[in-house]
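As a plain string of letters, each chain reads:
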Amino acid sequence: MHHRNSRSLLSRLRRPRLLLGLAGLALIGAVLAQAGSRSENATPLVKLGDAHDTQKGPAPARLTVALPLPEAQVKPISATPDLNKPRDHWETTEVESGDSLSSIFSRLEIHSQLAPILKLGNATRSMRQLYPGQKFRARKDLNGLAELVFEPDADHIVRVWRTATGYQAENQARENQVRLVQAQGVIRDSLFSDGQRAGLSDGLIMNLAAIFGWDIDFALDLRPGDHFTVIYEQIFRNGVHLRDGDIIAAEFVNQGRSYKALRYKDPKGDVDYYAPDGKRLRKEFLRTPVNFTRISSGFSLHRKHPILNVIRAHKGVDYAAPTGTPIRAAGDGKVVFKGRKGGYGKVIILRHGAIYSTVYGHMSRYARGLSVGKRVRQGQIIGYVGMTGLATGPHLHYEFRVHGVHRNPLTVKLPAAAPLPARYHADFQAHTEEALARLRLLSRIQVASLEIRD
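Scope of this entry: the structure provided in the associated data block.

Bringing the overall build of the protein into the picture now. Looking only at helices and strands, the protein has six helices and 22 strands in total. Here the protein holds 454 residues, and the buried ones make up 36% of them. Per element, the accessible surface of the protein, about 27200 Å² overall, is 52% carbon and sulfur.

Dropping the structure here:
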């Protein structure tokens, strides 16, 4: 009897919970059905069942469901992404040897945009000439390529971005900082080693030699105690040193004689180096047309030929150098002979106007594309050192002729290049005055230091 009453009581206690559970399921179904018919967008959480009814027993359990926002508050997805938003999700690739623009765009999975971007004209023209190390960065969204950045060099970028009407592009100059730096050194061993000791890079040392190379033979004329001062640019970006820039001013004192150089860009945009009086340092001819190891034979009218063993005038200078060393045109001119000529072996003769001509003998081979009648520029490679013809070792036999008469290439006075036009003198003075003053001050300090040291 007691057992039966207990089961009846338990049944009555469970019945309200069952009804409550059924009601809750019905409520959830109605809410979910309504949500499905309104929107699939994510919505904030709304809590139900927070009220507590003390008259009907314990409060029901809390039920948390997602309710849709009103349609007016649902923000649609923009068809055109905002390019001003933080740009993340960039993909970067670097140009490698053998790459083409097609392979680059394929690697970035944007090949379908290659043709439209190339049609943008001058702004994207630089993309057609690729070099290893250049970088491409692409940002994509749901609609494809949103933005492309190409870095052709350290100073420029090409930016392409999508608009509502298609792609646009522009070239942008990077914001670099330029600092003027100075270096000074004294010759003890060689320009190269002493230049490095002064803190100059290999490139700056080569530029310094090129600036003064028409007046100073750095292989033969240097003496211990010669000294130099260089003012040059260093390029920085965000405090990081990128590279060295141009030499702005320099002085080289060789065997007690001072040579000064000032960089000047004229109103037409032509850049060259000048002495303080406005005379151009560059001459019409290079003093030596090859990087040589030593002079194996000088200019002489009574030299005994090393092979023929007879007295025969040596009307040029022999520059010993390894086979294959490049030979450069001493000045602007025209090829008037190319071929074999007796003991000269493979030879090239250049004519420089009506007065001067130069001869280059014993070549191992000629530069490509060179033929009789072809015009060449000063410093252009015309051939390579060898030992064809009558030669005991690889060297360049070089002759310098004035009106057909042989002159000693080491001592002949070289004609100066065209001087700075008189109409530019005032502009030259204004643009070089500060650099010249700084150069003179540094030179006085260096001279004083050398005197104290001695």
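Let us keep going from here.
To continue, consider unusual backbone geometry. The backbone phi angle of Glu109 is positive, close to 60°, even though this residue is not glycine. Within the fold, Glu109 resides in the loop between helix H2 (101–107) and helix H3 (114–118). A positive phi angle, close to 55°, is found at His403, a residue other than glycine. Among the structural elements, His403 can be located in the loop between strand S21 (395–402) and strand S22 (405–407). Classification of His403 by relative accessible area gives exposed; the value is 59%.

Our focus in this paragraph is helix H5 (residues 202–212). Those residues of H5 that sit buried are Leu204, Ile205, Leu208, Ile211 and Phe212. Axial view of H5: buried residues confined to an arc of 125°, hence all on one face. Packed against the buried residues of H5 are helix H4 (191–197), strand S9 (227–237), strand S10 (240–254), strand S11 (257–265) and strand S12 (271–274).

One finds Ile327, Ile348, Leu350, Tyr360, Ile382, Leu396 and Phe400 to be the most contacted residues of the largest nonpolar core, which totals 26 residues. Where this core is concerned, the elements lending two or more residues are strand S14 (317–320), strand S17 (346–352), strand S18 (356–366), strand S20 (381–385) and S21. Leu204, Phe212, Leu222 and Val230 belong to the second largest nonpolar core, which has 23 residues in total.

A few words on the sheet that holds strand S7 (residues 166–173). Strands sit in the order S3-S4-S5-S6-S7 across an open sheet of five strands; the sheet is antiparallel. Both outer strands of the open sheet, strand S3 (90–94) and S7, are each paired with one neighbouring strand and no more. When strand polarity is set aside, the average angle formed by the axes of neighbouring strands in this sheet is 20°. By the bridge criterion, eight bridges tie strand S6 (residues 156–163) to S7 in an arrangement that is antiparallel. Within the sheet, the bridge partner assigned to Thr163 lies in S7 and is Gly166.

Okay, the sheet that holds S12 next. Spatial ordering of the open sheet is given by S8-S9-S10-S11-S12, a layout of five strands whose pairing is antiparallel. The open sheet terminates on both sides in strands that have one partner only, identified here as strand S8 (177–186) and S12. Here the strands of the sheet are splayed against their neighbours by 25° on average, with no regard to which way each runs. As judged from the six bridges shared by S10 and S11, these two strands associate in the antiparallel manner. Considered in S11, the bridge of Glu251 is made with Lys260. The strands touched by H5 within the sheet are S9, S10, S11 and S12, with S10 carrying the most contacts at an inclination of about 35°.

Across all of its chains, the model carries 18 salt bridges by this definition. Two residues, Glu147 and Arg139, come together in a salt bridge whose shortest N-O distance is 3.4 Å. For Glu147, a relative accessible area of 1% puts it in the buried group. The exposure class of Arg139 is buried, given its relative accessible area of 8%. The partner of Asp141 in a salt bridge is Arg162, and the shortest N-O contact between them spans 2.7 Å. Of this pair, Asp141 sits in strand S4 (residues 135–141) while Arg162 sits in strand S6, placing them 21 residues apart in sequence.

So, on to the side chain of Gln134. Along the polypeptide, Gln134 turns up in the loop between H3 and S4. Relative accessible area serves as the criterion here: at 6%, Gln134 is assigned to the buried category. Within the local environment of Gln134, its side chain forms a polar contact with the backbone oxygen of Pro152, the two atoms lying 3.0 Å apart. If we skip the residues at most four places from it in the chain, Gln134 touches Thr93, Glu94, Val95, Gln129, Phe150, Glu151 and Pro152.

This structure, assessed with the given rule, holds 13 aromatic pairs. Measuring from ring centre to ring centre gives 5.8 Å for Tyr356 and Phe400, while their planes differ by 50°; the resulting arrangement is tilted. Taken as a pair, Tyr356 in strand S18 and Phe400 in strand S21 lie far apart in primary sequence, 44 residues in all. Of the two residues, Tyr356 and Phe400, neither departs from the other in class, the shared state being buried. Joined through ring pairs, the aromatic side chains of Phe212, Phe218, Phe228 and Phe252 make up one cluster. If you follow Arg365 out to its NZ or CZ, it ends over the ring of Tyr384, 4.0 Å from the centre.

Moving on: the pairing of S6. Here is the key point about a regular strand: its side chains alternate between the two faces of the sheet. Among the eight residues in S6, six count as buried, and that is most of the element. Of the pairings in the sheet, the one linking strand S5 (residues 144–151) to S6 comprises four bridges and is antiparallel in character. Residue pairing across strands places Leu148 opposite Val160, the latter belonging to S6. The hairpin formed by S5 and S6 contains four residues between the paired strands. Here S6 folds back onto S7 in antiparallel fashion, the turn holding two residues.

Definitions and limits used
- Residues numbered from 1 in each chain as written.
- Predicted model: local features only at pLDDT ≥ 70, side-chain atom pairs only at ≥ 80, totals over all residues.
- Heavy atoms only, no water.
- Helix = DSSP H or I, 4+ residues; strand = E, 2+ residues; numbered from the N terminus.
- Buried < 20%, exposed > 50% of the residue type's maximum accessible area, 1.4 Å probe, protein only.
- Areas by Shrake-Rupley, 256 points an atom, 1.4 Å probe, with all protein chains shown as cover.
- Arc of directions from axis to C-beta.
- Contact = heavy atoms within 4.5 Å.
- Core = buried A, V, L, I, M, F, W, Y, C linked by side-chain atoms within 4.5 Å.
- Pairing = 2+ DSSP bridges.
- Axes fitted to C-alpha atoms, helices over the stretch in contact; angles between N-to-C directions.
- Salt bridge = Lys/Arg side-chain N within 4 Å of Asp/Glu carboxyl O.
- Polar contact = N/O pair within 3.5 Å; in protein donor to acceptor, adjacent residues only side chain to side chain.
- Phe/Tyr/Trp six-rings, centres within 6.5 Å; stacked < 30°, edge-to-face > 60°.
- Lys NZ or Arg CZ within 6 Å of the ring centre and 35° of its normal.

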